[in-house]
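Per-entry structural report
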Amino acid sequence: MNIDELKEFCGEDWRKVDARMRAALKSDISLLDSTNGMILSHSGKQLRPLLALLVAKACSGASVLPEDSIRVAAAAELLHNATLLHDDVADESDCRRGVPTLNSLMGPSVSVLVGDYWLVSAMNEIQAAEHFGPRLISIFSRTLTHLAEGEMLQLQKAQSGDTSEEDYLRIIFSKTASLFEAAAIAAAISVNSSADVEDAVRRYAVSLGLAFQIRDDIFDYSGNSQVGKPTGVDIQEQKITMPLIGAFRFSTAAEEAGIRRKVSEIHEHPEYAGQILDFVREKGGIGYAEKRLDDYVAAAVDAISILPETAAGEYLKEVAYYVAKRNS
């Protein structure tokens, strides 16, 4: 399975989502319009809107989805990109998806303003939903709260250097899995699903989102050139992620304390990065992270076992396996 296959399966519904996003971002300010077009041309995997479409199809069995499902899918991608534009400023990122960020090209002020524009465009799509409007607004608003909390908790833990696995899971739920959750639940609601089905897709999406981020964090230690960022970026930003947490589980208290100290001093001693990477590899941290990732993939697949057997439901399972094995 690949992303293009999912887009082909979703067919006209996917083309409607793409058209709706472009219409939502249209502006008579030429600089803003061209900037939005540039971002759309480097749009990444677009997994969140595809997830929303697959969930709506799997829950309803419909071959053509209602307009509210299209709006939910478009809003999920608009909101995702808004957060990336803001993240690039917070992280002072120069590169994303293998190309220069808007932050590096036009400065942090422009990146924040354009991110705000995408954010408002997302919420406008949700507000325009014909049915279930208040519930949908509440779901996406809650996600925005999670995103802000996740960023602040990550900053707090970078300063204190005491990130536990529980802390890490809360951070990646807030920053990544919460939007997967919102896209899936909102999609289920858009086709008037039962409470049991809503809960099933919620559990699926949360597990999928956690697995997705763990895979990203493994890349930071794997040296995979297709990811679009160099190895060791998380350490340079003092982020303690699952591979390092896993390495701590196979270390003495003294070894763990020494590595945590090096993470906290990485800005003054950038040479520590290589030592930390070696520590993770030697202690089996990557293997531990891969095991946790596999656990979440299995939980995601199990969660949707109550859904009727449909092609869309099979694709939801394939998406989970894709997240586990993707190389970019």
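Fair warning: this is a prediction, and the values are worked out from it, not measured in the lab.

Quick word on a nonpolar patch on the surface
There is a patch of nonpolar side chains on the surface, built from Ile29, Leu31, Met38, Leu105 and Met106 and spanning about 440 Å² of accessible area. With respect to the helices and strands, Leu31 occurs in helix α3 (residues 30–40).

Here we look at unusual backbone geometry
Here Glu92, not a glycine, exhibits a phi torsion of approximately 55°, which is positive. In this structure Glu92 comes out as exposed when scored by relative accessible area, which is 64%. Backbone geometry places Asn192, a non-glycine residue, at a positive phi of 60°. Within the secondary structure, Asn192 sits in the loop between α9 (165–190) and α10 (195–222). Given a relative accessible area of 60%, Asn192 falls into the exposed group.

Re the side chain of Asp87
Checked against the element boundaries, Asp87 lands in helix α5 (residues 67–90). Of the buried charged residues, Asp87 lacks a salt bridge, with Lys175 as the closest side chain of opposite charge at 4.6 Å. With residues near it in sequence (within four places) discarded, Asp87 still touches Arg96 and Glu151.

Regarding the packing of helix α7 (residues 108–127) against helix α8 (residues 133–160)
Taken N-terminus to C-terminus, the directions of α7 and α8 make an angle of 155°; their axes are 9 Å apart at the nearest point. By the angle between their axes, α7 is roughly antiparallel relative to α8. Between α7 and α8 lies a crossing of right-handed hand. Where α7 approaches α8, its residues Leu119, Met123, Ile126 and Gln127 are matched on the opposing element by Leu136, Ile137, Phe140, Ser141 and Leu144. Taken together, the residues of the contact of α7 with α8 break down into seven nonpolar, two polar and no charged.

Brief notes about the packing of aromatic side chains
For the coordinates displayed, the defined rule picks out four aromatic pairs. Note on Phe248 and Phe279: the rings are 6.2 Å apart at their centroids and 50° apart in plane angle, and the pair reads as tilted. Of this pair, Phe248 sits in helix α12 (residues 242–249) while Phe279 sits in helix α14 (residues 272–282), and the two are 31 residues apart along the sequence. The exposure classification of Phe248 matches that of Phe279, with both residues buried. Taking NZ or CZ as reference, Arg326 lies 3.8 Å from the ring centre of Phe212, over its face.

Considerations on empty space enclosed by the protein
According to the stated counting rule, one finds one cavity of 30 Å³ or more in the structure shown. Considering only enclosed or pocket space, the largest cavity measures out at about 30 Å³ in volume. As for the largest cavity, its lining consists of Ile139, Arg142, Thr143, His146, Ser178, Glu181, Ala182 and Ile185. Of all the elements in the fold, those that place two or more residues in the lining of the largest cavity are α8 and α9. Considered class by class, the residues forming the lining of the largest cavity number three nonpolar, three polar and two charged.

Re the layout of surface pockets
If you add up the space inside the second largest pocket, you get close to 350 Å³. Lining the second largest pocket are 14 residues, with Ala90, Asp91, Leu155, Ala158 and Glu237 positioned closest to its centre. Counting residues per element, the lining of the second largest pocket draws most heavily on α8, at six residues. Partitioning the lining of the second largest pocket into residue classes produces four nonpolar, five polar and five charged.

Definitions and limits used
Residues numbered from 1 in each chain as written. Predicted model: local features only at pLDDT ≥ 70, side-chain atom pairs only at ≥ 80, totals over all residues. Heavy atoms only, no water. Patch = residues over 30% accessible without salt bridge, like charges linked within 9 Å, V, L, I, M, F, W, Y side chains within 5 Å. Areas by Shrake-Rupley, 256 points an atom, 1.4 Å probe, with all protein chains shown as cover. Salt bridge = Lys/Arg side-chain N within 4 Å of Asp/Glu carboxyl O. Helix = DSSP H or I, 4+ residues; strand = E, 2+ residues; numbered from the N terminus. Buried < 20%, exposed > 50% of the residue type's maximum accessible area, 1.4 Å probe, protein only. Lys, Arg positive; Asp, Glu negative; His and termini not counted. Contact = heavy atoms within 4.5 Å. Axes fitted to C-alpha atoms, helices over the stretch in contact; angles between N-to-C directions. Parallel < 35°, antiparallel > 145°, perpendicular 65-115°, else oblique. Left-handed = near helix turned anticlockwise from the far one by under 90°. Nonpolar A, V, L, I, M, F, W, Y, C, P; charged D, E, K, R; others polar. Phe/Tyr/Trp six-rings, centres within 6.5 Å; stacked < 30°, edge-to-face > 60°. Lys NZ or Arg CZ within 6 Å of the ring centre and 35° of its normal. 1 Å grid on protein atoms, 1.4 Å probe; cavity = no way out; pocket = protein on both sides within 12 Å on 5 of 7 lines; lining within 4 Å. Points joined across faces, edges and corners; volume = space filled by probe spheres on them.

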